[in-house]
Amino acid sequence: MGDIQARLACASSFILQSPPGEVNDVFNDVRALVGDDEALEAGILPALQKYNIEQLIVADLPDKQQLMICPSGSVQDETNRFIEPSTAKAWLFDHLRLSASDPVDIQVDAECDVIRVELEKAASTYGKEHFSEGVSKVFTTEQRKLKAVPKPKAAPVASAEQTSDMQEDAHPATTEANDAASMHEDEQPAEATASAEEASKVDTELVDPETAPPADDGATTDAAEPTAISEDTATVEKTADVDADMTSTEIPTTEEAPAIPEAESTETSTANEEAAPPTATSAEEPSITTQATSEEEVEEAAAEPLPKKFSLYFVGNKYNPSNYWTGRWRSTYELDLSQGQPTLRGTVQINVHFFEQGNVQLSTNFTPTISLPESLDASSSSPADIAKATIKAIAKVEEEYQLELNEAYRDMADRTFRNLRRVLPITRQKMDWAKVASYKIGRTLGGE
């Protein structure tokens, strides 16, 4: 176990020192060194994760989008998930296979995003002008601390029994009407020529005691003496009383007796139709409540505005292994607009590897002093003006640094390498190159 751990530590060190574009070659070499693919894949992942973040590795996404693996894009509290700011999504990144999957929506601070979009437009234009295969990204620095947007939960679907119970509990009158209709159908007379007395009896049984108008003592007395009031007059009076109490039941005459069940059935079905919409509404209520709760959680999480701090990343890769060289330009800048006067600071890193019959690498780390115009104000200046001034300052600093590097290489070829050589050989005499073929090194050095 100790031996394999030592090999993994050595392999991780090699991975972190991999030149630009050559990490796969280094991985294949250390694979033979470790000799255990399963242990290598598990043990090398932390080193690959650190390497990919430090080197600003770029992965391709659908719709010609690109995902930059960088510190400001890493979602807090979610391992290996990185933000693509232009689409407001966070992707799960595989550091071994360099692939992205499982996108989720992220919260966006609207006020900060207006400035971020302007910065990204200006940065993209600058990147295309100076890096042939470059990628630029702008992040709201504190956005990585926001949580992913919660997905609304599916509404629970009530079963047929639960729906039936809910309908009965919510509308007892409907159930009673259905029972009354069933009773009436059972007690319907067989012949259509039923007497007026039987029809009145049936109608009396159908009237709900709770909805029927209270009986008057005078009316009871009159009803007991059929000779005093005719049947037509009694029917009219009863109908008037029922209409006055807004009762849907109608007192029929002798000829209308067979139609009584149909009227009751129609009223019952109408009551059921009116009762149906409340039942559907109650079934939909859980989903509406759940969605509102999710939206409230998102609003509470993003209620406090983020500080206006932005991270700008530029990376340019140039690989030419057929001619034995590769290179990478990385520059990172932090723009702070949370105070009145904006501040900008950054770092420029360059790695170049030449390996034709040798192994020569250039590694630089430049921290420039950047000044923004004094007229620029975080609160009063427009986002477009802020973006324009920021990119202009970055372009000036990087151009000056590029010129300094070119001058340093010219000086190195003309002076630095010459100073490394001796002016005279060890004999302290100049070499006569016309007689060099006749010299015998041993005899000359020996003083013979």
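As the structure is a prediction and not an experimental result, all values here were calculated from the model.

**Some remarks on the pairing of strand β10 (residues 360-366)**
- For strand β9 (residues 343-354) and β10, the ladder comprises seven bridges, and the chain directions are antiparallel. Residue pairing in the sheet places H353 in a bridge with Q361 of β10.
- Here β9 folds back onto β10, and the loop between the two strands holds five residues, one of which, Q357, carries a positive phi near 55°.

**Observations concerning the packing of helix α4 (residues 110-130) against helix α11 (residues 383-420)**
- At a minimum axis separation of 8 Å, α4 and α11 run at an interaxial angle of 35°. In this structure, the crossing between α4 and α11 has a hand that is right-handed. The segment α4 lies against α11, with V114, I115, E118, L119, A122, A123 and Y126 engaging P383, A384, A387, T390, I391, I394, A395 and E398.
- The residue inventory of the contact of α4 with α11, partitioned by class, reads 12 nonpolar, one polar and two charged.

**Regarding the sheet that holds strand β6 (residues 134-140)**
- Strand order in the open sheet formed by five strands is β6-β7-β8-β9-β10, and the pairing between neighbours is antiparallel. One side of each edge strand has no neighbouring strand; the edge strands of this open sheet are β6 and β10. Direction aside, the axes of adjacent strands within the sheet are offset by 10° on average.
- With seven bridges connecting them, β6 and strand β7 (residues 309-320) associate as antiparallel partners. Note on β7: the bridge partner recorded for T140 is F310.
- Together, β7, β8 (325-336), β9 and β10 form the strand contacts of α11, whose direction differs from that of β8 by roughly 140°.

**Observations concerning the side chain of E142**
- You can see E142 is positioned in the loop between β6 and α5 (160-170).
- E142 sits in the buried class, given a relative accessible area of 17%.

**Brief notes about the packing of aromatic side chains**
- Counted by the stated rule, this structure contains eight aromatic pairs.
- Between F131 and W329, the ring centres sit 5.8 Å apart and the planes meet at 55°, which makes this aromatic pair tilted. With a gap of 198 residues between them, F131 in the loop between α4 and β6 and W329 in strand β8 connect regions that are remote in the sequence.
- On the accessibility criterion, F131 (13% relative accessible area) is buried.
- Take W329: its relative accessible area is 11%, and that puts it in the buried class.
- With centroids separated by 5.8 Å and ring planes inclined at 85°, the aromatic side chains of F139 and Y313 adopt a geometry described as edge-to-face.

**Here's the deal with the pattern of salt bridges**
- Per the counting criterion, the structure on display carries 12 salt bridges.
- Put simply, R31 and D37 hold a salt bridge, and the shortest N to O gap is 2.9 Å.
- For R31, a relative accessible area of 40% puts it in the partly exposed group.
- The partner of E41 in a salt bridge is R97, with the nearest N and O atoms 3.6 Å apart. On the criterion of sequence distance, the pair formed by E41 in helix α3 (residues 37-54) and R97 in the loop between β4 (89-94) and β5 (99-105) is long-range, its members being 56 residues apart.
- Judged by its relative accessible area of 54%, R97 falls in the exposed class.

**Re the confidence of the model for the protein chain**
- Mean pLDDT over the protein chain stands at 73; residues scoring 70 or higher make up 61%.
- Segment residues 170-175 is flagged for pLDDT under 50; beyond a separation of four residues in sequence, or across chains, it makes six contacts in the model.
- Here residues 297-302 scores under 50 on pLDDT; set against residues more than four positions off or in separate chains, the count is seven contacts.

**Examining helix α2 (residues 23-34)**
- Between its first and last C-alpha atoms α2 spans 16 Å; for 12 residues at 1.5 Å apiece the expected length is 16 Å, and the two agree.
- Taken residue by residue, α2 has V23, V26, F27, V30 and V34 as its buried positions. The arc that holds every buried residue of α2, seen down its axis, measures 100°, which confines them to one face. Facing away from the buried side of α2 by over 90 degrees, the exposed positions are N24, D29 and A32.
- Count one or two residues on from α2 and you reach G35, which has phi positive near 75°.

What counts as what
- Residues numbered from 1 in each chain as written.
- Predicted model: local features only at pLDDT ≥ 70, side-chain atom pairs only at ≥ 80, totals over all residues.
- Heavy atoms only, no water.
- Pairing = 2+ DSSP bridges.
- Helix = DSSP H or I, 4+ residues; strand = E, 2+ residues; numbered from the N terminus.
- Axes fitted to C-alpha atoms, helices over the stretch in contact; angles between N-to-C directions.
- Left-handed = near helix turned anticlockwise from the far one by under 90°.
- Contact = heavy atoms within 4.5 Å.
- Nonpolar A, V, L, I, M, F, W, Y, C, P; charged D, E, K, R; others polar.
- Buried < 20%, exposed > 50% of the residue type's maximum accessible area, 1.4 Å probe, protein only.
- Phe/Tyr/Trp six-rings, centres within 6.5 Å; stacked < 30°, edge-to-face > 60°.
- Salt bridge = Lys/Arg side-chain N within 4 Å of Asp/Glu carboxyl O.
- pLDDT = per-residue confidence, 0-100.
- Expected span 1.5 Å × (residues − 1).
- Arc of directions from axis to C-beta.

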